[in-house]
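# Analysis of the macromolecular model
One letter stands for each residue in the lines below.
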Amino acid sequence: MSFVPVPANSDFSFHNLPYGVFSTADNPRRRIGVAIGDQILDLSVILSLFQGPVMSKNQDVFKQPTLNAFMALGFDAWKETRATLKTLLSADESALRDDVSLRSRAFVHQSAATMHLPAEIGDYTDFYSSRDHATNVGTMFRGKENALMPNWLRLPVGYHGRASSVIVSGTPLRRPSGQMRPDQTKPPVFGPSKQLDIELEMAFFVGGGNTLGEPIPIEKAHEHIFGMVLMNDWSARDIQAWEYVPLGPFLGKNFGTTISPWVVPMEALLPFAVPNALQDPEPLPYLQHKDPYTFDINLFVSLKGQGMAESAVICKSNFKHMYWTMKQQLAHHAVNGCNLRPGDLLASGTISGPDPESFGSMLELSWRGSKSIDLGGGETRAFLLDGDEVTITGHCEGEGYRVGFGSCTGTILPARQH
């Protein structure tokens, strides 16, 4: 237990201790903090208290405006730092608890903080690792018999996204415009997307990287996975449908991707590991691992329109529905020698489960616009309208505590006039 009071339903329990980057009105410098309850512990204030064999020589990483330098220190540094934080914040440890002056400088109420992107994201990769989602979308566009492409059960399919348009929760997003071909008998038209969608995803940050030309064996993959965030990978389905052959998503995806600001370390999630999905056919040896690396994370998507008094939950899903694990994604990404770097972001792809309420996109929930999504009070949607606010939340449920991610929120602004 901690000396910092934490309500039982708080995402930021003593068992969590996620990392983020924040600033305050009286101190606009961006700095690294750890969330506990409704507080943020400013690590730049207490950096001298990190006295372990690794961090005593690397305290300056907590003076940085992003987590990249800390991520780059690697697995042993992360473990040591977390152990130090748990000691410092425990009810039995006096160093921080009893130093009134230090506590007054080190703790900031979350309501007084502005959150920023936790890392400088050099590269962003989006996978397509939910079998239910891939089957649903494939069925819509190719029919049930050809729902999964021949490679899907053999490797974690992915593509390179746009890192520059990854934004932090709370940042409004403008409706994109582009080419579409709504009538296949006529030439394409240009205009605002009419099929703007959400994608319920999670993503992980790469910690220690690898040298160009050197793969990361799957047995070592966990040492390169720093922690996880929530993600909404917004999608313009009508733009995407016209442009994606033959090279895949482009303008239908790269206009914006929202992530939650708090990075939950993998060590906090390990108690919630569950058996991996049964994979048949068996993957090639470089993708095989027996240890559980799928996680029981409850996920929710809510939507609030401009005229709605309160939001409506449109999706209840779980990260445990993923077919390919993060270890497999990372090992596959690097097997050709691709060099991953600290701060790179690798996303799960849309997380859908077997039941309609667990479908992680409006494309699936409305089955390509053929039916309405009921929001209550006479409000319905097939795709997003201007002014819609979408919020993703997620947490693991422990015995009397949660390990949660906070929220991942964005509001749709009208398209620019061309």
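Summary of the structure given here. (Residues numbered from 1 in each chain as written. Predicted model: local features only at pLDDT ≥ 70, side-chain atom pairs only at ≥ 80, totals over all residues. Heavy atoms only, no water.)

This paragraph deals with the layout of surface pockets. The calculated volume of the largest pocket comes to roughly 1300 Å³. Contributing to the lining of the largest pocket are 42 residues, with V137, F141, Q240, Y244 and P249 lying nearest its centre. At the level of secondary structure, the elements contributing two or more residues to the lining of the largest pocket comprise β6 (124-127), α5 (131-142), β7 (158-160) and α6 (237-243). When residues of the lining of the largest pocket are assigned to their parent elements, the largest contribution, six residues, is made by α5. (1 Å grid on protein atoms, 1.4 Å probe; cavity = no way out; pocket = protein on both sides within 12 Å on 5 of 7 lines; lining within 4 Å. Points joined across faces, edges and corners; volume = space filled by probe spheres on them. Helix = DSSP H or I, 4+ residues; strand = E, 2+ residues; numbered from the N terminus.)

Another aspect to go through is the sheet that holds strand β5 (residues 113-116). Hydrogen bonds between backbone atoms are what pair the strands of a sheet, whose relative direction is either parallel or antiparallel. Taken in spatial order, the five strands of this open sheet run β4-β3-β2-β1-β5, and their pairing is antiparallel. Strands with a single pairing partner mark the edges of an open sheet, and in this sheet they are β4 (107-109) and β5. In this sheet, adjacent strand axes meet at a mean angle of 45° when their direction is disregarded. Sheet analysis places strand β2 (residues 27-36) next to strand β3 (residues 39-42), joined by four bridges and oriented antiparallel. Directly across from V34, in β3, lies its bridge partner L41. (Pairing = 2+ DSSP bridges. Axes fitted to C-alpha atoms, helices over the stretch in contact; angles between N-to-C directions.)

Right, let's talk about the sheet that holds strand β25 (residues 389-397) for a bit. The five strands lie next to each other as β9-β26-β25-β20-β21, forming an open sheet whose pairing is mixed. The outermost strands of the open sheet, each flanked by one partner alone, are β9 (173-174) and β21 (312-318). Where β25 lies against strand β26 (residues 402-413), eight bridges are found, and the strand directions are antiparallel. Within β26, the residue paired with T391 across the bridge is T409.

Moving on to the packing of aromatic side chains. A full pass over the atoms with the stated rule returns 14 aromatic pairs. Here the aromatic rings of F70 and F226 are separated by 5.7 Å at their centres, their planes lie at 85°, and the arrangement is edge-to-face. On the criterion of sequence distance, the pair formed by F70 in helix α1 (residues 68-72) and F226 in strand β14 (residues 225-232) is long-range, its members being 156 residues apart. With a relative accessible area of 0%, F70 lands in the buried category. By way of ring pairs, the aromatic residues Y19, F50, F62, F70, F75, W78 and F226 are connected into one cluster. Between K86 and the ring centre of F14, over which it is positioned, the NZ or CZ distance is 5.0 Å. The residue whose ring lies beneath K327 is Y293, and the NZ or CZ to ring-centre distance is 4.9 Å. (Phe/Tyr/Trp six-rings, centres within 6.5 Å; stacked < 30°, edge-to-face > 60°. Buried < 20%, exposed > 50% of the residue type's maximum accessible area, 1.4 Å probe, protein only. Lys NZ or Arg CZ within 6 Å of the ring centre and 35° of its normal.)

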